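The residues making up each chain are set out below.
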Amino acid sequence: MEKLTILTRRVFLADTLLKKIKNVLRFARAFVRGGIVDFDYIRYGGHVAVTRSLVHGLRELGVNFNYNPVSVSAIGDVVVVLSDVGAVRQAIELKKQGKIKKLFVGPNVVEMSTEHDNLLTAPEVDVCLVPSDMTVAIYERLTPALRGRCVSWYAGVDEAYWSPLEHASTAKNVVVYWKNAPKPFCMEVERLLTVYGYTPLRIVYGRYNKKELRSKLRMSAFSVFLSITETQGIALAESWAMNVPTLVWDPQIEHYYIRGLQTTAAPYLTDATGVRWKELGEFEAAIKNFPAGDFRPRAWVMEHMTDRASAEQLVQLCKATPDTKTS
């Protein structure tokens, strides 16, 4: 395959310096707000987990690529802009000039496909990358011009870091991951766990670091995730990689502004990785009968959702996409 370039910023020296400063400030903000110490906030731009996964996966595969080069002359024939509207606009201009053969955009450039004057619909954009089939449906409903150009591609996890201990006591601990579910509901979930003899280990979105989550998962029999919707659910995959199955609250509500489109809180949940539930009665039955299923969450991740597997999926997509160099 031709040389691949991954971008989370424009290719200019000034942007390089500005992004480095912003990344340091992002690291400091995470520490001040949540006591989070994660140097990946400094190392990677865009959505940190997505960027880190792709860079690591491509290195594992031995792919010829570079990440955020300083010079335009260093940009490869195939460009993936993971984030940053300015980087997309620059890549579009380079495509018009014939300096890029294939241009992939996403999954963290915009929240709504209609933003920035429908930037994603530019003819120079070969593929719009989104985290799941649910997001494909959302984008194509909002922006019909994207039909046929949206492709589902998910980030992976580092299976070496997110690994279980060989001999760990997990009988009575359960990670409870609070994201955006109502607080009284989250409290009732924890109360039910205690009724059945479990000890909830609370994790609050935006207020934990990786070491804390890994430590608590290593002590847990299963995890409970409380989020209304998820475009991918990377934290779910981290739990699965730890060989901890998930009991996912999945209200499957209608999309906020697209009538008839059902959302999900776990796009990649399978019978091997856990179960989904909507009502507290279903949750109570699930914990009462746990483990009611042949769960193999880590084996599933090793096959489908490691950094390497994610990068391989993108590489194959790059190879399969026709060359549309304009000159």
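Residues numbered from 1 in each chain as written. Predicted model: local features only at pLDDT ≥ 70, side-chain atom pairs only at ≥ 80, totals over all residues. Heavy atoms only, no water.

Where an unreviewed UniProt entry is consulted, the chain appears under the name Glycosyl transferase family 1 domain-containing protein, with the organism given as Candidatus Wolfebacteria bacterium RIFOXYB1_FULL_54_12.

A.B. asks: Teacher, can you tell me more about the overall build of the chain here?
C.D. replies: Scanning the chain from terminus to terminus reveals twelve helices and eleven strands. Rg of the C-alpha trace for the chain: 21 Å, near the compact-globule value of 20 Å for 327 residues, within the 12% margin. Projecting the C-alpha coordinates of the chain onto the three principal axes gives extents of approximately 65 × 40 × 35 Å. Per-residue burial over the chain gives 53% buried out of 327 residues. Summed over all atoms, the accessible surface of the chain reaches about 15,000 Å², with 53% contributed by carbon and sulfur. The average position of the 41 basic charges and that of the 34 acidic charges among the side chains of the chain differ by 5 Å. (Helix = DSSP H or I, 4+ residues; strand = E, 2+ residues; numbered from the N terminus. Rg over C-alpha atoms; globule rule 2.2 N^0.38 Å. Buried < 20%, exposed > 50% of the residue type's maximum accessible area, 1.4 Å probe, protein only. Areas by Shrake-Rupley, 256 points an atom, 1.4 Å probe, with all protein chains shown as cover. Lys, Arg positive; Asp, Glu negative; His and termini not counted. Charge placed at Lys NZ, Arg CZ, Asp CG, Glu CD.)

A.B. asks: For this particular structure, what's the right way to read unusual backbone geometry?
C.D. replies: For residues other than glycine, phi is negative in most cases, and the peptide bonds are mostly trans. Note the cis peptide between Gly106 and Pro107, where omega equals 10 degrees. Within the secondary structure layout, Pro107 lies in strand 4 (residues 102-108). Along the chain, Phe290 connects to Pro291 via a cis peptide bond; the corresponding omega equals 0 degrees. With respect to the secondary-structure elements, Pro291 resides in the loop between helix 10 (280-288) and helix 11 (297-304). The phi dihedral of His116 is positive, around 55 degrees, even though this residue is not glycine. Looking at the element boundaries, His116 is found in helix 5 (residues 115-118). A residue is classified by how much of its surface remains accessible, and His116, at 36% relative accessible area, is partly exposed. Although it is not a glycine, Asn118 adopts a positive phi angle of roughly 55 degrees. Relative to the helices and strands, Asn118 resides in helix 5. According to the relative accessible area criterion, Asn118 is partly exposed, its value standing at 30%.

A.B. asks: Help me understand the sheet that holds strand 9 (residues 222-226), please; the structure alone is not making it clear to me.
C.D. replies: In a beta sheet, neighbouring strands are held together by backbone hydrogen bonds and run either parallel or antiparallel to one another. Sheet architecture is open: five strands sit in the order 8-7-9-10-11, paired in parallel fashion. Every other strand in the sheet has two partners, leaving strand 8 (199-204) and strand 11 (274-277) as the edge strands with one partner each. The mean inter-strand angle of the sheet, taken between neighbouring strand axes irrespective of direction, is 20 degrees. Bridge count between strand 7 (residues 173-178) and strand 8: six bridges; the pairing is parallel. In the sheet register, Val176 faces strand 8, and the bridge partner there is Arg202. Strands in contact with helix 8 (residues 210-217) are strand 7, strand 8 and strand 9; relative to strand 8, the strand with the most contacts, it is inclined by about 160 degrees. (Pairing = 2+ DSSP bridges. Axes fitted to C-alpha atoms, helices over the stretch in contact; angles between N-to-C directions. Contact = heavy atoms within 4.5 Å.)

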